[in-house]
Amino acid sequence: MMCGLRLQTAQRGPSIRLQRLQQPISWPRIAIVDSGIDLDHPDLSSKIVKIKDLVDSGDPDDEHGHGTHVAGIAAAVTDNSKGIAGVSWGSKIFVVRVFDSNNQGTGIRTANGITEAANSGARIINISGGGASEKAAKCKAVSYAISKGAMVVASAGNNGNSTKSYPAACAGAIAVGSTTNSDSRASYSNFGSWVDLAAPGTNVLSTVPVGGSCKFCNTTGYRKLSGTSMAAPMVAGAAAVVLSREPKLTNAEVETRLKRTAFKLPASLKLGAGRIDLFEAVFNGSFEEGNLALWKREGTASSKTQLGPNISPKAGDRMGSVSTGPEDAQSAGTLYQTFTIQPGVTSFPISFQYAFVTEEYPEWVGTPYDDSLKIKLITPSGSEELLTEESVNTSSFTSIEGIDFPGGDETVGWTGWKSISKTISVTDGAGTYRIELEDTGDIIYDTETLIDDIKFKLN
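First, a word on what this report is: a plain description of the structure on this page. (Residues numbered from 1 in each chain as written. Predicted model: local features only at pLDDT ≥ 70, side-chain atom pairs only at ≥ 80, totals over all residues. Heavy atoms only, no water.)

1. Description of the overall build of the protein
At step 1: A count of helices and strands for the protein gives six helices and 25 strands.
At step 2: Here the protein holds 459 residues, and the buried ones make up 57% of them.
At step 3: Approximately 18,600 Å² of the protein is accessible, and the part contributed by carbon and sulfur atoms is 49%. (Helix = DSSP H or I, 4+ residues; strand = E, 2+ residues; numbered from the N terminus. Buried < 20%, exposed > 50% of the residue type's maximum accessible area, 1.4 Å probe, protein only. Areas by Shrake-Rupley, 256 points an atom, 1.4 Å probe, with all protein chains shown as cover.)

Pasting the structure below:
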């Protein structure tokens, strides 16, 4: 079932619609340059499309377990009622083995593995390993991979200090540090001005070889491990999901998207732009770029840094805007995008912040010209649930300066930012879910609705 978020202004007012739509997805391939992979693992075997063993020229079966764990984080099968779900559930995997049964390798072999992955056509290359040796060879391989169109994501290292690890510290690579489940820096994680991003890397459950006698093998095929090795494939998978929605983005644009939408961490942690937030990157990321690349829009729907003195409730971010104008008192504006609700899901949370701005305050308070704002959920059956309501006559406004509604006077009021948080019931089958914002229906540009911090997840 496909759904979309639609913010719309019309003669009956602005609306947000959750609408089932179809959207093809093209998934980028991820290369795991590591200790190999359990080629028969039930959560991974169907994802493997290319293999290469640079250790002993055989099949890259994982004789240690590290590479299998990394691969599962990046792209394990989803919705198969087994084990875990990979971050990039639709991506296929290239396996390049460069580390032996002790998870040891050489800098030259790592460089050759990066080159092999690039020549195999991988869009994203994950390296959960590194060190100080053979810096020049590794960085030359990273540069070559980038020239071939690949992104290189690498773990920052587990020394717990600012020591640079290569290939993570190579120019063009994305160096990934590790956080805990409380968004602190993991004690083992390297850090410094050279680290680009962070991701959860502590006690991460993922795939390991089933049976055998390797270090991380067990009978279940799953275990928890910690390290920047676990954080890097989180970022690689996140990059793949972003590219699945916008395959024409460049490496630099994907990296910028992940950084701009990352959860900001204290600068003292020295973990780059912060901890990745994949939902923000996919759903709200193009708000922050201002191009609304994943949103469809009509009329006066836009992404704004501010409206007069009003700025986003998340300082420094951009916000969505829909209005009934201003071009020729235009009475329609639409902003929407699609997303997928997985089978078996019966409800999901939605939250957002909004502000209602009106030129009718204060002189039209108490008159019939009572512009109102209603935000309500309309289900496929037609039933309605009022989420919130504002109106010129009943709501609390404060005066605000610096906003010009053409054709009106210079007095403007606004409600300030308010928060909505609800759980929406969903069902399979035909139909449209709409969250609708209504006003009184005149076609004069005298109101504007701002919206920001949209989430379909629990905080």
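Back to the write-up after that little detour.
2. Observations concerning the packing of helix 1 (residues 66-75) against helix 4 (residues 228-245)
At step 1: Between helix 1 and helix 4, the least distance of the axes is 8 Å, while the angle of their chain directions is 35°. As helix 1 runs across helix 4, the sense of the crossing is right-handed. Here helix 1 contributes H66, H69, V70, I73 and A74 to the contact with helix 4, which in turn contributes S229, M230, P233, M234 and G237.
At step 2: Split by residue class, the contact of helix 1 with helix 4 holds six nonpolar, four polar and no charged. (Axes fitted to C-alpha atoms, helices over the stretch in contact; angles between N-to-C directions. Left-handed = near helix turned anticlockwise from the far one by under 90°. Contact = heavy atoms within 4.5 Å. Nonpolar A, V, L, I, M, F, W, Y, C, P; charged D, E, K, R; others polar.)

3. A look at the state of the cysteines
At step 1: Scanning the model with the defined rule gives two disulfides in all.
At step 2: Here C139 engages in a disulfide with C170; their sulfurs sit 2.1 Å apart. Measuring the twist about the S-S bond at about -85°, one finds the C139-C170 disulfide to be left-handed. Here C170 lies in the loop between strand 7 (151-155) and strand 8 (174-179) and C139 lies in helix 3 (residues 135-147), a separation of 31 residues in the sequence.
At step 3: When the bonded cysteines of the protein are counted from the start of the sequence, the pairing works out to 1-2, 3-4. (Disulfide = S-S within 2.5 Å.)

4. Some thoughts on the sheet that holds strand 4 (residues 48-53)
At step 1: If you walk across this open sheet you meet the seven strands as 4-5-3-6-7-8-9, and the pairing is parallel. This sheet does not close on itself; its edge strands, each paired only once, are strand 4 and strand 9 (197-200). Direction aside, the axes of adjacent strands within the sheet are offset by 25° on average. (Pairing = 2+ DSSP bridges.)

5. Some thoughts on unusual backbone geometry
At step 1: At the junction of Y166 and P167, the peptide bond is cis and its omega measures out at 25° in the coordinates.
At step 2: As for its position among the elements, P167 is in the loop between strand 7 and strand 8.
At step 3: You will see that D183, though not glycine, has its phi angle at about 60°, which is positive.
At step 4: The residue K270 is not glycine, and still its phi comes out positive at about 55°.
At step 5: Along the chain, K270 turns up in the loop between helix 5 (251-260) and helix 6 (278-289).

6. Here we look at the pairing of strand 25 (residues 447-455)
At step 1: Across the nine residues of strand 25, nine count as buried, placing the element largely inside the fold.
At step 2: Two elements, strand 16 (residues 319-323) and strand 25, share four bridges in a ladder whose sense is antiparallel. Bridged to S321 within strand 25 is L450.
At step 3: When strand 18 (residues 347-358) meets strand 25, the two strands line up antiparallel, connected through seven bridges. Considered in strand 25, the bridge of Q353 is made with D452.

7. Quick notes on the pattern of salt bridges
Side chains carrying opposite charge are able to pair once their charged atoms draw close together.
At step 1: As enumerated under the stated definition, the model contains nine salt bridges in all.
At step 2: Of the charged contacts in the structure, one is a salt bridge between E63 and R97, with a shortest N-O distance of 3.3 Å. With E63 in the loop between strand 4 and helix 1 and R97 in strand 5 (residues 93-97), this residue pair connects regions lying 34 residues apart in the sequence.
At step 3: Judged by relative accessible area, E63 falls into the partly exposed class, the value being 40%.
At step 4: Here K304 ties to E448 by a salt bridge, and the two come within 2.5 Å at their closest N and O atoms. Taken together, the residues K304 in strand 13 (residues 302-304) and E448 in strand 25 connect sequence positions 144 residues apart.
At step 5: Classification of E448 as buried rests on a relative accessible area of 1%.
At step 6: Taken together, the shared-partner salt bridges connect D53, D56, E63 and R97 into one network. (Salt bridge = Lys/Arg side-chain N within 4 Å of Asp/Glu carboxyl O.)

8. A closer look at the nonpolar core
At step 1: Core analysis: the biggest nonpolar cluster contains 47 residues, and I124, V153, V176, V235, V254 and L258 have the highest contact counts within it.
At step 2: Ranked by residues supplied to this core, first place goes to helix 4 with 12 residues.
At step 3: Excluding anything up to four places from it in sequence, V235 contacts V153, I174, V176, L197, A199, L258 and I276.
At step 4: Core analysis: the second largest hydrophobic core is formed by 33 residues, V96, A111, A117 and A175 among them. (Core = buried A, V, L, I, M, F, W, Y, C linked by side-chain atoms within 4.5 Å.)

9. What to know about the side chain of S165
At step 1: Its place among the elements puts S165 in the loop between strand 7 and strand 8.
At step 2: Judged by its relative accessible area of 5%, S165 is buried.
At step 3: Non-local contacts of S165, meaning those with residues more than four positions away in its chain, are made with G130, G131, S155, A156 and W194.

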